[in-house]
Amino acid sequence: MLELIVKRLALGAVTVWLVSVVIFAGIEALPGDACTAYLERDAQGKLLENCRQSLGLDRPAVTRYLDWAGSALRGDFGVSVDGETRITAEVALRVKNSILLAAGALAVGVPLAIFLGVFAGLYRDRPADIVVSTLAILAMTIPEFVAATVLVLVFAIWLGWLPAVVLTPADAPALDFFPEFVPAAIVLTMVMVAHIMRMVRSSVIEVMASDFVQMAHLKGVPYWRIVFRHALPSALLPAINVVALTVAWLLGGVVVVEVVFNYPGLGRMMIDAISDRNLPVIQAITLLVAVTYVGVNLAADILSILLNPRLRTRLGRGA
Amino acid sequence: MGLDPVIELTELSIGFTGRDGQDVPVLRDVSLAVRPGESLGIVGESGSGKSTVALAAMGFLKHGLRRLTGQVRFDGRDMFALSRQDREAIRGGQLGLIPQNSGQALTPTMRIGAQLCEALRLHCNLAQSQCLPRAEALLAQVRLPDPGAIMQRYPHQLSGGQQQRVAIAMALAGEPRALLLDEPTTGLDVTTQAHILALLRDLAVERNMAMVFVSHDLGVIAHSCQRVAVMYAGEVVLDGPAQEVLKRPAHPYPRALLSAIPRLCDARLPRALDGRPPAPGQGGAGCAFADRCAMVQTGCRQVHPDLTRAPGGQTVRCLRADEVVALTPHAADRPALRHGPSGDVALHLRDVAICYHRPGLAARLLGRDTPPPATVDGISLEVRAGQTLGLVGESGSGKSTILKAVAGLMPPLAGEISARGAVLPTQVRRRRPDTLRKIQMIFQNPDESLNPRQTIEQILAQPLRLYFGLEGVQLRERAAELLETVRLGAHMLDRLPGQLSGGEKQRVAVARAFAAEPDIVLCDEVTSALDVSVQAAVLDLLDDLKRSKHTTYVFVSHDLAVVRALADQVAVLYQGRLCEAGPVEQVYSGPSHPYTALLLNAVLEPVTGHAPHLEAEDVVELSPPASGCPFQRRCPRKLGRICDTESPPEQMGADGHSIRCHIPRAEL
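Residues numbered from 1 in each chain as written. Chains lettered and ligands numbered in written order. Predicted model: local features only at pLDDT ≥ 70, side-chain atom pairs only at ≥ 80, totals over all residues. Heavy atoms only, no water.

A separate point is the overall build of chain A. A count of helices and strands for chain A gives 15 helices and zero strands. Considering only C-alpha atoms, chain A reaches an extent of 85 × 60 × 30 Å along its principal axes. Carbon and sulfur atoms make up 69% of the accessible area of chain A, which totals about 16300 Å². Of note, chain A has its 24 positive side-chain charges centred 14 Å away from the centre of its 24 negative side-chain charges. (Helix = DSSP H or I, 4+ residues; strand = E, 2+ residues; numbered from the N terminus. Areas by Shrake-Rupley, 256 points an atom, 1.4 Å probe, with all protein chains shown as cover. Lys, Arg positive; Asp, Glu negative; His and termini not counted. Charge placed at Lys NZ, Arg CZ, Asp CG, Glu CD.)

The next point concerns the packing of aromatic side chains. Following the criterion strictly, the structure yields 15 aromatic pairs over all chains and no others. Aromatic side chains Trp224(A) and Phe228(A) sit 6.3 Å apart centroid to centroid with 35° between the ring planes, which places their arrangement in the tilted category. Residue Trp224(A) and its partner Phe228(A) are located together in helix 10 (residues 223-235), separated by four residues, close to a single helical turn. A relative accessible area of 42% means that Trp224(A) is categorised as partly exposed. Taken together, a centroid distance of 5.0 Å and an interplanar angle of 85° make the contact between Tyr232(B) and Phe289(B) edge-to-face. Here Tyr232(B) is found in strand 9 (residues 227-232), whereas its partner Phe289(B) is found in the loop between helix 11 (252-259) and strand 11 (308-310), with 57 residues between them in sequence. Here Tyr232(B) matches Phe289(B) in class, with each residue buried. (Phe/Tyr/Trp six-rings, centres within 6.5 Å; stacked < 30°, edge-to-face > 60°. Buried < 20%, exposed > 50% of the residue type's maximum accessible area, 1.4 Å probe, protein only.)

Residue and element names in this part refer to chain B. In spatial order, the strands read 18-19-20-15-21-22-24-23; together these eight strands make up an open sheet with mixed pairing. Looking at strand neighbours, the two that pair on one side only are strand 18 (439-442) and strand 23 (650-652), the edges of this open sheet. Direction aside, neighbouring strands of the sheet carry axes that sit 20° apart on average. Where strand 15 (residues 388-392) meets strand 21 (residues 569-574), four bridges bridge the pair, whose relative direction is parallel. Pairing of Leu389 across the sheet is with Gln569, part of strand 21. The sheet contacts of helix 14 (residues 399-407) involve strand 15, strand 18, strand 19 (520-524), strand 20 (552-556) and strand 21, and relative to strand 19 the element is tilted by about 150°. Its contacts with the sheet place helix 19 (residues 502-515) against strand 18, strand 19 and strand 20, and it is angled at close to 175° to strand 18. (Pairing = 2+ DSSP bridges. Axes fitted to C-alpha atoms, helices over the stretch in contact; angles between N-to-C directions. Contact = heavy atoms within 4.5 Å.)

Residues and elements named next belong to chain B. The strand order across the open sheet built from four strands is 2-1-4-5, with neighbouring strands paired in antiparallel fashion. Of all strands in the sheet, those with a lone pairing partner are strand 2 (23-34) and strand 5 (77-78), marking the two edges. Relative to strand 2, strand 1 (residues 7-17) runs antiparallel, the two being bridged by eight bridges. Of the residues in strand 2, the one forming a bridge with Ile7 is Val34. Those strands touched by helix 1 (residues 50-57) are strand 1, strand 2 and strand 4 (66-74), and its axis lies near 115° from that of strand 1.

One number sums up the size of the second largest pocket: a volume of about 940 Å³. Taken together, 25 residues make up the lining of the second largest pocket; nearest its centre are Met208(A), His217(A), Tyr223(A), Phe60(B) and His63(B). Of all the secondary structure elements, the ones that give two or more residues to the lining of the second largest pocket are helix 5 (87-122), helix 8 (182-208) and helix 9 (211-218) of chain A together with helix 2 (84-90) of chain B. Partitioned by chemical class, the residues of the lining of the second largest pocket number eleven nonpolar, six polar and eight charged. (1 Å grid on protein atoms, 1.4 Å probe; cavity = no way out; pocket = protein on both sides within 12 Å on 5 of 7 lines; lining within 4 Å. Points joined across faces, edges and corners; volume = space filled by probe spheres on them. Nonpolar A, V, L, I, M, F, W, Y, C, P; charged D, E, K, R; others polar.)

Let's shift gears to the interface of chain B and chain A. With 35 residues of chain B at the interface, the matching set in chain A holds 24 residues. With both chains or domains summed, chain B and chain A bury close to 2800 Å², and 57% of this area falls on carbon and sulfur atoms. The interface formed by chain B and chain A contains two salt bridges. Note that Arg225(A) and Glu118(B) form a salt bridge whose closest N and O atoms lie 2.6 Å from each other. The tally of links from chain B across to chain A stands at seven residue pairs in polar contact (both at pLDDT 80 or more). Listing elements by their share of the side of chain B that touches chain A, those giving two or more residues are helix 2, helix 3 (102-105), helix 4 (112-124) and helix 7 (160-172) of chain B. Considering every element that reaches the side of chain B that touches chain A, the biggest residue donor is helix 4 of chain B, with seven residues. Its residues assigned to classes, the side of chain B that touches chain A shows 17 nonpolar, eleven polar and seven charged. (Buried area = accessible area lost by both parts, 1.4 Å probe. Salt bridge = Lys/Arg side-chain N within 4 Å of Asp/Glu carboxyl O. Polar contact = N/O pair within 3.5 Å; in protein donor to acceptor, adjacent residues only side chain to side chain.)

Bringing the side chain of Glu235(B) into the picture now. Inspection of the secondary structure assignment puts Glu235(B) in strand 10 (residues 235-241). For Glu235(B), which is buried and forms no salt bridge, the nearest opposite charge comes from Arg28(B), at a distance of 4.0 Å.

The next subject is the confidence of the model for chain B. Caution is warranted with low-pLDDT regions, since their predicted coordinates should not be read in detail. All names here are of chain B. For chain B, mean pLDDT is 86; residues scoring 70 or higher make up 94% of the total. In the model of chain B, helix 13 (residues 361-366) stands out as the element of lowest mean pLDDT, 65, in contrast to strand 19, which has the highest, 94. The ipTM value of the predicted complex is 0.76, and its pTM value is 0.79. (pLDDT = per-residue confidence, 0-100.)

On to the pattern of salt bridges. In this structure the tally under the stated criterion is 41 salt bridges over all chains. Its salt-bridge partner being Asp125(A), residue Arg124(A) comes within 3.7 Å of it at the nearest N-O pair. When its relative accessible area of 35% is taken as the criterion, Arg124(A) is described as partly exposed. According to the relative accessible area criterion, Asp125(A) is exposed, its value standing at 52%. One salt bridge connects Glu650(B) with Arg660(B), and the closest N-O pair in it is separated by 3.5 Å. Residue Glu650(B) is found in strand 23, and its partner Arg660(B) is found in strand 24 (residues 658-660); the two are separated by ten residues along the sequence. Salt bridges sharing partners connect three or more residues here, namely Lys219(A), Arg225(A) and Glu118(B).

Phi angles above zero are rare outside glycine, and Asn262(A) is one such case at about 55°. With respect to the secondary-structure elements, Asn262(A) resides in the loop between helix 12 (255-260) and helix 13 (266-275). For Arg420(B), which is not glycine, the phi torsion reads 50° and is therefore positive. One can find Arg420(B) in the loop between strand 16 (414-419) and strand 17 (422-423).

What follows deals with the pairing of strand 8 (residues 210-215) of chain B. Residue and element names in this part refer to chain B. The element strand 8 is extensively covered by neighbouring structure, given that six of its six residues are classed as buried. Of the two faces of strand 8, the one carrying Ala210, Val212 and Val214 and the one carrying Met211, Phe213 and Ser215 are both buried. Bridge count between strand 3 (residues 39-43) and strand 8: five bridges; the pairing is parallel. Opposite Ser39, over in strand 8, you have Met211 as the bridge partner. Where strand 7 (residues 178-182) and strand 8 come together, five bridges link them in parallel fashion. Across the sheet, Ala178 pairs through a bridge with Ala210, a residue of strand 8. Of the crossover connections in this fold, the one passing from strand 7 over helix 8 (residues 190-207) to the parallel strand 8 is right-handed. (Right-handed = clockwise from strand over helix to strand, strands pointing away.)

A word on helix 20 (residues 532-549) of chain B. Residues and elements named next belong to chain B. Over its 18 residues, helix 20 extends 25 Å from the first C-alpha to the last, a length consistent with the 26 Å expected when each residue adds 1.5 Å. Of all the 18 residues making up helix 20, 13 are buried; the element is thus mostly covered by neighbouring parts of the structure. Looking one or two residues past helix 20, His550 carries a phi angle of roughly 55°, positive in sign. (Expected span 1.5 Å × (residues − 1).)

Residues and elements named next belong to chain B. One can read the domain layout of chain B as domain 1 (7-225), domain 2 (251-335) and domain 3 (345-667). The interface is formed by 18 residues belonging to domain 2 together with 22 residues belonging to domain 3. Both faces combined, the contact of domain 2 with domain 3 buries some 1600 Å², and carbon together with sulfur accounts for 67% of it. Three residues, Pro262, Leu264 and Leu269, lead the burial of domain 2 against domain 3; their summed loss comes to 42% of the area buried on that side. (Domains from an automatic or database assignment.)

In this section: the state of the cysteines. Residues and elements named next belong to chain B. Taken as a whole, this structure holds zero disulfides over all chains when the rule is applied. Free of any disulfide, Cys124 has its nearest cysteine sulfur in Cys131, 8.2 Å distant. Relative accessible area serves as the criterion here: at 25%, Cys124 is assigned to the partly exposed category. Left unpaired, Cys635 is separated from the closest cysteine sulfur, that of Cys661, by 6.2 Å. (Disulfide = S-S within 2.5 Å.)

As structure tokens, this is what we get:
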């Protein structure tokens, strides 16, 4: 068990390392560097050379990679192209905002999705299931920006309850984003509830048709006890990985929604960095997103192992 | 018996609504009754509706099924008219079910103790504190060693036999008056099966329970039931005392079933029952069995036979019942055994050892790796061309592992495998195409070994294209020819495996193996997923092919009677080590290794009054002992220390019959 976790951790570290190399190599391969981006039209001759010297860009790529990776390990992503802003501080703010948005969406979305999925699975092919499942497909197919625009139309323009976009600055305390971030959270919830719900539904259907549930019926176990005690522990296991992917997707910055609502999260920072050719920031965010994906999936794997007696107890009979 | 029936089904019909809105019956007019202390067996092929009867007796119908007419009464109460609460109180309480596959019927996320306690609390009004000791007592009652430890385990940590015992304990929790057993021992080893049935019989006597055994295995029924009901296409076609039904059945269907069963005492191939039962709703106006019946007359296809009385207290649905009863016993009309001529050595295994254990990365880096005893060790066997070598043993005896090694799928740790004198490379990817062609394998489950998305033609085309470079018309013609050799029509070429019955699928798998024109065919439990009637047909086919193509078989099976019917040479394995090997007559007639004797005695024959001898516990061993005889821990005739420390000597008898045991050959 412990050995397995250590193995997965090591594998995760290797993945992150590979990603860091790919990011660095990709940025290297692009024409231009931080200095040409910063100096723009003046990027030539002495000025360019001086700039490169001061940023250490004249050193060999391997040295610069080691330097960058080393600092990143310590949590320091260096300075932005403007030469002043510490990237780590700026990114931390945005991460906080993204977590706020994600937490809002997850806190409502995951329980709702599981409830709807179980409900639809138990009442399979009956009107209630058909309504819920159809709505889920609808929510999945409507593009986020359409849903976002409709919400703006309803809440900001018709009802006038909320501002159409988030105006709170990025460094404001978390509470200040309330209730402005609600429409953004609703859009995210819609998309993710649909995914998780469909997964849970099919899993519940499968488990409810399994031999051990049939056996529980024939043992005289009351219906709801079968659902909660016998079926759900098995049925919800596959949901863990879907939830994990959703969490990673939310934390990695939901670009479209953040842009539409002008929400100062990681996704918008990424878009801004790309349009500014702010290479150090792009590097930092990409690496951070990779770490998030690896970390969340690792957590999900470990959680699945802990919750599944078959995997947890590897003793007993071998195959 | 003047007692009122505990379970009573009266003219029960169950069905579903078909595509055209018509009711399609799955069960038709089934009437059965079981009294306290009585045991009834329900037999039939798969799809005959026997499991539906058992579930209906509990008032349970699978998704989509409906009760059309008739009643199910438990203790005089109509199970389908009761409220949900009342039904739940009866189920698992007074009426227990023991499922076919306990491994899947126990909730995987709950500990055994918790599941037992749940059943106890639901039906006995016990307080939490009383539950645990009661649950332990139940586990002890089903003869599970160390109940305290079992309570803490999850279902997957138990062996198949242990899981089945837990399921029995759970059914006993509610002090049942009747037990329904749905194929209670299918999938278990012969020794385990015999133990479980003995346990069930003792419990039934002790508690005066009524029991309903549902099984396709007439051996199990013969051994455990006083009365037998035979089902065909959703109908009871014969109902009567077990002795009469098994000896002088008044219906041609059970007669055909009986002659399809291979017997230990009979070295001949069983007689196959051709065709398949009609699908629900497809039977014509007449007798459902008419199309497969050897005694069919024109009248049979016009009149649906009613249940009538027949000799020996049987009730039967057959117009010619009196003639059927008068027929000679079934064993006489079997084809005689024909041994293949023996040629050169086709396959030779010399001191083969195989080990599944692979040291992990960490263990290899740290250099601390102590390999356990090899899974399979010291296997030396040879098969002559045109002969069949049977490998028998319980699950975990390494029979399939040896096949994998021969096929090159599992490289041996030591030893050498050679075909026709040429040493085979251990790994399949190192073998030349021609070598690969000569060794083909047929797997246990055709559902898994045939690609469900390929048509039969595509499946058969693969070896033809690969080994013979056939294309186009030639390819299709050859594929059609192959189907003819396995007695399937060319019209099957465009079908998908899902559209075929189990027996037909296995024939396609046989055809695929023979498409390569192999020298050696490895058969891994090829008939154990099939009904007896179909099994007989596949065995017959394999025997025919062996004769006409002069093929060599290595035939793995846990069923000793099947091996008896097909094999020329037999090797008995325990824990991956040879116990006994030799010509089939010698091995089956004795003297035998204690393990062979144990296996032979545990086989259930479809004859009443035959009781298996149970000499040793059906303990599951996880790994072979490090030294001495592999069978030391279970042997009923263990001599002493010598069995633990020294490998038993190979004692040779006539015709190369060898037994590895410390007991002198004369005393075995």
